[in-house]
Amino acid sequence: MWVCSGSPLVAEICAGSGLDWLLIDTEHSPSDLMTLLGQLQAARAYPITSVVRPPSADPVTIKQYLDLGVQNLLIPMIDDGAQAREVARAVTYPPDGIRGVGSALARGSRWNRVPNYLGQARETLSLYVQVESHTAVKNIAEIATTPGIDGIFVGPSDLAASMGLLGQQDHPDVIHAVTTCITAARRAGRKAGVNAFAPALAQRYVEAGADFILVGADVDLLARGSERLRSAYTGGGTS
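Residues numbered from 1 in each chain as written. Predicted model: local features only at pLDDT ≥ 70, side-chain atom pairs only at ≥ 80, totals over all residues. Heavy atoms only, no water.

**Q** For the pairing of strand E2 (residues 21-25), give the residues involved together with the corresponding values.
**A** Of all 5 residues in E2, 5 are buried, a share of seventy percent or more. Side chains Trp21, Leu23 and Asp25 of E2 all project onto a buried face; the interleaved residues Leu22 and Ile24 project onto the opposite face, where all are buried too. Note: strand E1 (residues 2-3) against E2, 2 bridges, orientation parallel. Each bridged residue has a counterpart across the sheet, and for Trp2 the counterpart in E2 is Leu23. Taking the sense of rotation as the criterion, the β-α-β connection linking E1, helix H1 (residues 8-15) and E2 turns out right-handed. Taken together, the 5 bridges between E2 and strand E3 (residues 49-53) define a ladder with parallel strand orientation. From the neighbouring strand, Asp25 faces E3, where its bridge partner is Arg53. Taking the sense of rotation as the criterion, the β-α-β connection linking E2, helix H2 (residues 33-44) and E3 turns out right-handed. (Buried < 20%, exposed > 50% of the residue type's maximum accessible area, 1.4 Å probe, protein only. Helix = DSSP H or I, 4+ residues; strand = E, 2+ residues; numbered from the N terminus. Pairing = 2+ DSSP bridges. Right-handed = clockwise from strand over helix to strand, strands pointing away.)

If you want it as structure tokens, here you go:
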């Protein structure tokens, strides 16, 4: 599920849910480096995988997140193989990449308490890129086969918007585009994920071969849950 609140307390509640993984979002949330650190620390106590989405593919931000201890990254808005290659370089130390070397100062290496961190850091990271435009769907084969990319994640909301179908994530053309991406990723030997809050859509994507799915969000659960309380006890409408 998503953690979009920016709250370490909420992240801890969600981490203890028994779900498989959390996506700690900083693209559409109030999170900054310090609140992200708190969320990572809160989730670390539980047997759940934390994935973090930065606000963009900016290599400086990616460097900061890796030094902070993020091990699983989801990079938004990747449209082609060239962009995917640059992201792969951003998570890799020279000579194969451009990640800045500051591990002695960083939580990511436990402040140099991880033996041979520089030599093995890339092996401890997973990198996923988000496919969320009509252009990206057209380029899905080259994105999915980019060296250093572990998998793709389809964002139906932005994808629908780019197809002229804003707010219509369940449109047949959008669903077809999503399943096309899932198939291409699996053909390339990569993992494929998707966002799908509607149970019927989530099940459809599981059947299409999706390896992982986001099925809820902290802020959405709180909003809908509080509205149900209002409906049950006051009968009033939302403001």
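**Q** Give me the packing of H1 against H2: which residues, what numbers.
**A** The geometry of H1 relative to H2 is characterised by a closest axis approach of 8 Å and an angle of 25° between their N-to-C directions. Relative to H2, H1 is oriented roughly parallel. As H1 packs across H2, the resulting crossing turns out to be right-handed. Taken together, the residues of H2 that come into contact with H1 (itself represented by Pro8, Ala11, Glu12 and Ala15) are Thr35, Gly38, Gln39, Ala42 and Ala43. Of the residues belonging to the contact of H1 with H2, the class tally is 5 nonpolar, 3 polar and 1 charged. (Axes fitted to C-alpha atoms, helices over the stretch in contact; angles between N-to-C directions. Parallel < 35°, antiparallel > 145°, perpendicular 65-115°, else oblique. Left-handed = near helix turned anticlockwise from the far one by under 90°. Contact = heavy atoms within 4.5 Å. Nonpolar A, V, L, I, M, F, W, Y, C, P; charged D, E, K, R; others polar.)

**Q** Kindly report on the packing of aromatic side chains, identifying the contributing residues and their values.
**A** According to the stated counting rule, one finds 3 aromatic pairs in the structure shown. Taking the centre distance of 5.3 Å and the plane angle of 85° together, the rings of Trp21 and Phe212 count as edge-to-face. Of this pair, Trp21 sits in strand E2 while Phe212 is found in strand E8 (residues 212-214), placing the two residues 191 residues apart along the sequence. Each member of the pair, Trp21 as well as Phe212, carries the same accessibility label: buried. With 6.0 Å between their ring centres and 20° between their planes, Phe153 and Phe212 make a pair best called stacked. Separated by 59 residues along the polypeptide, Phe153 in strand E6 (residues 151-154) and Phe212 in strand E8 bring together distant segments of the chain. Under the relative-accessibility criterion, Phe153 is labelled buried at 0%. The buried category is assigned to Phe212, whose relative accessible area is 18%. Taken together, the ring pairs in this structure connect Trp21, Tyr128, Phe153 and Phe212 into an aromatic cluster. (Phe/Tyr/Trp six-rings, centres within 6.5 Å; stacked < 30°, edge-to-face > 60°.)

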